[in-house]
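# Overview (structure and organization)
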Amino acid sequence: MKRRIWQGIGIGFISVVVLLAGLSYGLARSPSLRAWANELGFYRPLMSQVNHWQRAYADRGEKACLADLAQMDVDFRPPRPVNGPDWCGINAGVRLTRIGSATLDNAPPLSCSMARALAEWQINSVQPLAQQILGSEVKRILQFGTYNCRAIRGNQVGFASQHSFVNALDVGGFKLANGQTISILHDWDAGSSSAQQARSTFLHQVSAQACDHFSVMLSPDYNALHRDHLHLDQGFLSRCATP
């Protein structure tokens, strides 16, 4: 009975967030609707509430997630809060120091959900594809950061980016054991040589398989803002921008 009650609360919470997210999207698309919402005085409180709920969503299931991580081939530091202004930050930020035989540059804080998804992607997708296509294993995941308290770029209503809750990671490339660096910026588009084509194939395949692990994957094929990285996140919205 108690379990059903908590399941109902969880479903209700997600339903309310999705409803508010839909309203937020409508505000983003319509200047006249934004003006009307501003005039009635509920626009800013609405967006603040949506973003607070996004933070709570990023923190969900922490205990079960940490138990999962403890069973995986990873090393991580004990979770600590990431404190930010207003709704930014998270209650339990995890720093992965090792994922299988690879490391993550600078071990930035991640939500536990992101840390688990990243470990699964690296171990089950990235590493096998690197060995299959490039003939070498990945030793380092090159990243551009996780925490950034801001709205989604290009968003006009203040809908927070998942980076605000360390629930996102921008991957810039991979360093291989044989010394090669595979760069999203330089290797996404296939060149004429077989080596260039192999690097491009690897990047396209790891990005496609990222959709099996993350809620959102945005690649250079999505828009120019992502020309040099893969954006991965575990927000409640779902989008996979594959070629």
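Here is a short report on the structure shown in this document. Just so we're clear, the structure is a prediction, and the values are computed from it rather than from any experiment.

Conventions adopted
Each chain carries its own residue numbering, running from 1 in the written order of its sequence. Per-residue local features of the predicted model are confined to residues with pLDDT of at least 70, and side-chain atom pairs are confined, for both listing and counting, to 80 or more; whole-chain, interface and lining totals are unaffected and use all residues. Side-chain descriptors were evaluated using all non-hydrogen atoms of the structure, hydrogens and water having been removed beforehand. Stacked, edge-to-face and tilted labels apply to pairs of Phe, Tyr and Trp rings (six-membered ring for Trp) whose centres lie within 6.5 Å, assigned for plane angles under 30 degrees, over 60, and everything in between, in that order. In DSSP terms, a helix is any run of H or I states spanning at least four residues, a strand is any run of E spanning at least two, and both are numbered starting from the N terminus. Type-normalised accessible area, obtained with a 1.4 Å probe on protein chains alone, sets the label of each residue: buried when under 20%, exposed when over 50%, and partly exposed for intermediate values. In the analysis that follows, any N or O atom pair within 3.5 Å is treated as a polar contact, provided that within protein one partner can donate a hydrogen and the other can accept it, and provided that, for residues neighboring in sequence, both atoms belong to side chains. When a carboxyl oxygen of Asp or Glu is within 4 Å of a side-chain nitrogen of Lys or Arg, the pair counts as a salt bridge.

We describe a pair of aromatic rings using the distance from one ring centre to the other and the angle between the two ring planes. Tallied over the entire structure, the rule returns 5 aromatic pairs. Taking the centre distance of 6.4 Å and the plane angle of 55° together, the rings of tryptophan 87 and phenylalanine 165 count as tilted. With tryptophan 87 in the loop between strand 1 (74-83) and strand 2 (89-99) and phenylalanine 165 in the loop between strand 5 (138-143) and strand 6 (168-176), this residue pair connects regions lying 78 residues apart in the sequence. Judged by its relative accessible area of 15%, tryptophan 87 is buried. The class of phenylalanine 165 is buried, set by a relative accessible area of 0%. By way of ring pairs, the aromatic residues Trp121, Phe174, Phe202 and Phe214 are connected into one cluster.

To continue, consider the side chain of glutamine 143. Checked against the element boundaries, glutamine 143 lands in strand 5. Residue glutamine 143 is classed as buried on the basis of its relative accessible area, which comes to 12%. A distance of 2.7 Å separates a polar side-chain atom of glutamine 143 from the backbone oxygen of aspartate 105. Side-chain polar atoms of glutamine 143 contact the backbone nitrogen of glycine 145, separated by 2.5 Å.

On to the pattern of salt bridges. Enumeration over the complete set of coordinates arrives at 6 salt bridges. A salt bridge links aspartate 73 to arginine 98, with the nearest nitrogen and oxygen atoms 2.8 Å apart. Linking aspartate 73 in the loop between helix 4 (62-70) and strand 1 with arginine 98 in strand 2, this pair joins segments that are 25 residues apart in sequence. With a relative accessible area of 25%, arginine 98 lands in the partly exposed category. The partner of glutamate 137 in a salt bridge is lysine 139, and the shortest N-O contact between them spans 3.6 Å. Owing to a relative accessible area of 33%, lysine 139 belongs among the partly exposed residues under this scheme. Among the charged side chains, a salt-bridge network with shared partners connects Asp73, Asp75 and Arg98.

These figures capture arrangement, not role.
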